[in-house]
Amino acid sequence: MKLCNTSIRRIRFALSLVLILVLLPSCAYRRDWGNKIVWDELVFSSLPGQADYPDDGAVILHDEVRTTVAARGEINFSDMERHRIVKILNTRGQGYANIAIPYTPPNQVIRLQARTISPEGNIAVIAKDDIHDINLYPDFVFYSDQRAKLFTVPAVENGSVVEYRYLVRLRNPTFWHSWTFQTSIPTLLSRFTLIAPSEWKIDYRTYKIDLEAQVFEIPGGTESTYVWEARDIPANKAEFAMPPGREIIAHLALAPPEIESWGDVADWYRRLAEPQIKAGKGVQELASALTSGVENDEEKLRIIYEWVRDKIRYIAVNIGIGGYQPHPAEEVLKNRYGDCKDMTTLLCSLAREAGLEAYEVILSTLQNGIPDTSLPSPYQFNHAIAYCPSIREYGVWMDATEKGCPFGKLPWYDQGVPVLIVAKEGDATIAITPRAVPDSNRVLLDWDIDLQSTGAAAIRGETSLWGAPATELRESLYLGSPQANRQWLETYLAGKCSGAKLDSFRIARLMSVYDPLTISYAFHTATFAIPRAEEMVFRPGTILALDLPDHFRSSNRVHPIRFNFGMRAELNLTVKLPPAHIVNTRNLSDSLVSSFGSASLSCSSSDNVYHTYMDYRLLGEDVPPGRYKGFQDFLDGIRERDMWEVIVSKR
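Right, let's walk through the structure included here. Quick caveat: nothing in here was measured; it's all calculated off a predicted structure.

### Focus on empty space enclosed by the protein
Phase 1: Summed over the entire model, instances satisfying the criterion amount to two cavities of 30 Å³ or more.
Phase 2: Estimates place the volume of the second largest cavity at around 30 Å³.
Phase 3: The wall of the second largest cavity is formed by Arg270, Ala273, Glu274, Ile277, Arg352, Glu360 and Val422.
Phase 4: A per-element tally of the lining of the second largest cavity places helix α3 (residues 262–277) first, with four residues.

The following block contains the structure:
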């Protein structure tokens, strides 16, 4: 069959484009990097300046990645070439001259070049000796083979251009599977190119940007080229309590070529994890010892969970396949440490030895962002927990990495998120983890105050915590020394009562991990009430006051407001007045109800005792920008109650 002229022209165009995409970077490397400025899509004399971007410290002129995959059935290796050009507009943008290029051996960073171009066009090239190879996570991840090329380009000044390019050769069976088009500064051009075997089915999604891939195929060829290109991308605005970046920033995500369903993802993880769950002699003996004589299955599971939670140290491990595959349960038991995958594997192994059904679950924590369940991919997850479906009506979820979390509950960052249950072969389920109701996350302050005529006071009180506040604080106090815990409590009380000086304290239920966590204390202050003319004044609301109103004062909002969890805060305050004194403030019963939560305040006095009860509830649902003004009004209503004054005077 003969081709028409139009078809021939199209083929020639596609061939030319692919040839340009393949040759341009290699040609660029042959240019005289230290003496010439030769760009294909920019003109040095016409670059934008500070006047074009008055609010920004820098602007990305060009940011491009080209990924080439070499594969015969499976991926043999892939190359990721990156070229970035940034103009520094002022001192705030000079941080873009400090560059880290992450990689994981046996992957390599090669053909790395970097330079600074002064406003006058003078070029300063970084010396090879000024490029350092470091551990990427020296403090955060205990065992890690993730490294980075770290350097700062020389001779940077306002108005100069920072340019660098490099190639990462990925020898693992994977490829560069994501690209971010948007950063905290404007970007003029961002482009991601993928050159892959023609037989591949490319499944991708773009987020917060409407982009379709330009696909170039050569008839009879072995490769296809996909190009995603965006121009004039605004800076992402940073706001307090905004969702994680993956939910708000324009980016691209690609699924691995062999993954077409969540069943494929489950099979992939099952192949990695299931052999590691198999119990050895040590696991068998421990499971028997822990559950011997225990008839109730839920009690068996609780004992096993608490043993793993309390006896296995959490240590982040990210070495080679260990970034994805848990270590054998027997090895974790012997070492008594491991990461989330390792602890989950040991938990499942012990449970199965005790005759209980237990499966690994992979998820994306709330801090990492809500995964897109329409794009099956293992790259969306960053955490592992366990699930036992046969206990209780809806099963029991378990995260043994959280030392302060009771059995049957999940830390707040695991709640209400889509997860993949890696159950029996052929069974893959996307489920939503349970989310605690706001009232279960509770803080109660109960204070008895002996007020003096000078405004000084002696105070005995308790702070009781349930749910997420208890879990968070319990782990912090558990790891703290007595002196550190005392210092924390002194600061906590001073923030609620001016001039507080701690006399004594006691912490209850710190080790048992069951609610409530209770902190009892006695302290005194010379300034509980402030003298004013012939009176004294104090504000009960300042003891419970939320700091949220202080964080949402701007007139508009770009991103939704994201809370870690909904919660309830209460204050029960009893004030014994000094002799011959009375309260000159009327009794009050007031409430505020909103779709964001509620607030109530009641005050009353009898004889020489004054009582206040305050109750704040936040539902913890996301607040979209369109409802921002209403949320501000709600917080202002709470702040008004915080400012309620109680006036005390002599009879």
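### A short note on the pairing of strand β33 (residues 597–606)
Phase 1: Here seven bridges tie strand β32 (residues 588–594) to β33, and the two strands are oriented antiparallel to one another. Opposite Val593, over in β33, you have Ser598 as the bridge partner.
Phase 2: Here β32 folds back onto β33 in antiparallel fashion, the turn holding two residues.
Phase 3: Note that β33 and strand β34 (residues 609–618) share 10 bridges and pair antiparallel. Its bridge partner lying in β34, Ser606 is registered against Val609.
Phase 4: Two successive antiparallel strands, β33 and β34, enclose a turn made up of two residues, where Asp607 displays a positive phi of approximately 55°.

### Re the packing of α3 against helix α7 (residues 340–353)
Phase 1: Taken N-terminus to C-terminus, the directions of α3 and α7 make an angle of 55°; their axes are 9 Å apart at the nearest point. Compared by their axis directions, α3 and α7 come out oblique. In the crossing of α3 with α7, the sense of the turn from one axis to the other is right-handed. Touching Tyr269, Glu274, Gln276 and Ile277 of α3 are Lys341, Thr345, Cys348, Ser349 and Arg352, all from α7.
Phase 2: Looking at side-chain class alone, the contact of α3 with α7 contains three nonpolar, three polar and three charged residues.

### Concerning the packing of helix α5 (residues 297–311) against α7
Phase 1: At a minimum axis distance of 10 Å, the contact between α5 and α7 shows a crossing angle of 150°. With respect to each other, α5 and α7 are oriented roughly antiparallel. Both α5 and α7 take part in a crossing whose hand is right-handed. Here Leu301, Ile304, Tyr305, Trp307 and Val308 of α5 come into contact with α7, specifically with Met343, Leu346, Leu347, Leu350 and Ala351.
Phase 2: For the contact of α5 with α7, the per-class residue count stands at 10 nonpolar, no polar and no charged.

### A look at the pattern of salt bridges
When charged atoms on two side chains of opposite charge get close, those side chains can pair.
Phase 1: Counted under the stated rule, the structure contains 42 salt bridges.
Phase 2: Taking the shortest distance from any N to any O, the salt bridge between Asp63 and Arg84 comes out at 3.2 Å. Remark: Arg84 occurs in strand β2 (residues 74–88) and Asp63 occurs in strand β1 (residues 58–72); sequence separation between them is 21 residues. The same class applies to Asp63 as to Arg84, namely buried.
Phase 3: In this structure, Asp439 engages Arg617 in a salt bridge whose closest nitrogen and oxygen atoms are separated by 3.1 Å. Of this pair, Asp439 sits in the loop between β23 (428–432) and β24 (442–451) while Arg617 sits in strand β34, and the two are 178 residues apart along the sequence.
Phase 4: According to the relative accessible area criterion, Asp439 is partly exposed, its value standing at 32%.
Phase 5: Where salt bridges share partners, they join Asp439, Arg442, Arg568, Glu570, Asp615 and Arg617 into one cluster.

### Observations concerning unusual backbone geometry
Phase 1: The residue after Pro105, namely Pro106, is reached through a cis peptide bond having omega 10°.
Phase 2: With respect to the secondary-structure elements, Pro106 resides in the loop between β3 (98–103) and β4 (108–117).
Phase 3: Here Ala241, not a glycine, exhibits a phi torsion of approximately 60°, which is positive.
Phase 4: Among the structural elements, Ala241 can be located in the loop between β14 (223–233) and α2 (245–248).
Phase 5: The phi dihedral of Asp607 falls on the positive side, at around 55°, and the residue is not glycine.
Phase 6: Tracing the backbone through its elements, the reader meets Asp607 in the loop between β33 and β34.
Phase 7: When its relative accessible area of 70% is taken as the criterion, Asp607 is described as exposed.

### Observations regarding α7
Phase 1: The end-to-end C-alpha distance of α7, which contains 14 residues, comes to 20 Å, matching closely the 20 Å that a straight helix rising 1.5 Å per residue would cover.
Phase 2: The element α7 is largely enclosed, with a buried count of 12 among its 14 residues.
Phase 3: Listed in full, the buried residues belonging to α7 are Cys340, Lys341, Asp342, Met343, Thr344, Thr345, Leu346, Leu347, Cys348, Ser349, Leu350 and Ala351.
Phase 4: Directly beyond the C-terminal end of α7, a positive phi value near 85° is found at Gly355.

### A closer look at the sheet that holds β3
Phase 1: Read from one edge to the other, the open sheet built from three strands follows the order β3-β8-β6, with strand pairing classed as antiparallel. Where the open sheet ends on each side, the last strands, each with one partner, are β3 and β6 (132–135). Across the sheet, the mean angle separating the axes of adjacent strands is 30° when strand polarity is ignored.
Phase 2: Sheet topology note: the β3/strand β8 (residues 147–152) ladder contains six bridges and is antiparallel. Looking across to β8, one finds that Ala100 is bridged to Leu150.

### Some remarks on the nonpolar core
Phase 1: Ranked by internal contacts, the top residues of the largest apolar core, which has 56 residues, are Trp447, Leu493, Phe528 and Phe631.
Phase 2: Ile99, Tyr164, Phe175 and Leu194 belong to the second largest nonpolar core, which has 40 residues in total.

### Section: the environment of Pro438
Phase 1: The topology assignment puts Pro438 in the loop between β23 and β24.
Phase 2: Sequence separation between Pro438 and Gly620 is 182 residues; the distance between their C-alpha atoms is 7.1 Å.
Phase 3: Residues contacting Pro438, with those up to four places away along its chain left out, are Gly566, Met567, Arg568, Leu618 and Leu619.

### Overview of the environment of Leu290
Phase 1: Within the secondary structure layout, Leu290 lies in helix α4 (residues 281–291).
Phase 2: Leu290 sits in the buried class, given a relative accessible area of 17%.
Phase 3: Along the chain, Leu290 and Ala354 lie 64 residues apart, while their C-alpha atoms are 9.0 Å from each other.
Phase 4: In this view, Leu290 contacts Ile303, Ile304 and Trp307; residues no more than four positions away in its chain are not counted.

Reading guide: rules and limits
- Residues numbered from 1 in each chain as written.
- Predicted model: local features only at pLDDT ≥ 70, side-chain atom pairs only at ≥ 80, totals over all residues.
- Heavy atoms only, no water.
- 1 Å grid on protein atoms, 1.4 Å probe; cavity = no way out; pocket = protein on both sides within 12 Å on 5 of 7 lines; lining within 4 Å.
- Points joined across faces, edges and corners; volume = space filled by probe spheres on them.
- Helix = DSSP H or I, 4+ residues; strand = E, 2+ residues; numbered from the N terminus.
- Pairing = 2+ DSSP bridges.
- Axes fitted to C-alpha atoms, helices over the stretch in contact; angles between N-to-C directions.
- Parallel < 35°, antiparallel > 145°, perpendicular 65-115°, else oblique.
- Left-handed = near helix turned anticlockwise from the far one by under 90°.
- Contact = heavy atoms within 4.5 Å.
- Nonpolar A, V, L, I, M, F, W, Y, C, P; charged D, E, K, R; others polar.
- Salt bridge = Lys/Arg side-chain N within 4 Å of Asp/Glu carboxyl O.
- Buried < 20%, exposed > 50% of the residue type's maximum accessible area, 1.4 Å probe, protein only.
- Expected span 1.5 Å × (residues − 1).
- Core = buried A, V, L, I, M, F, W, Y, C linked by side-chain atoms within 4.5 Å.

Purely geometric numbers; function is a separate question.
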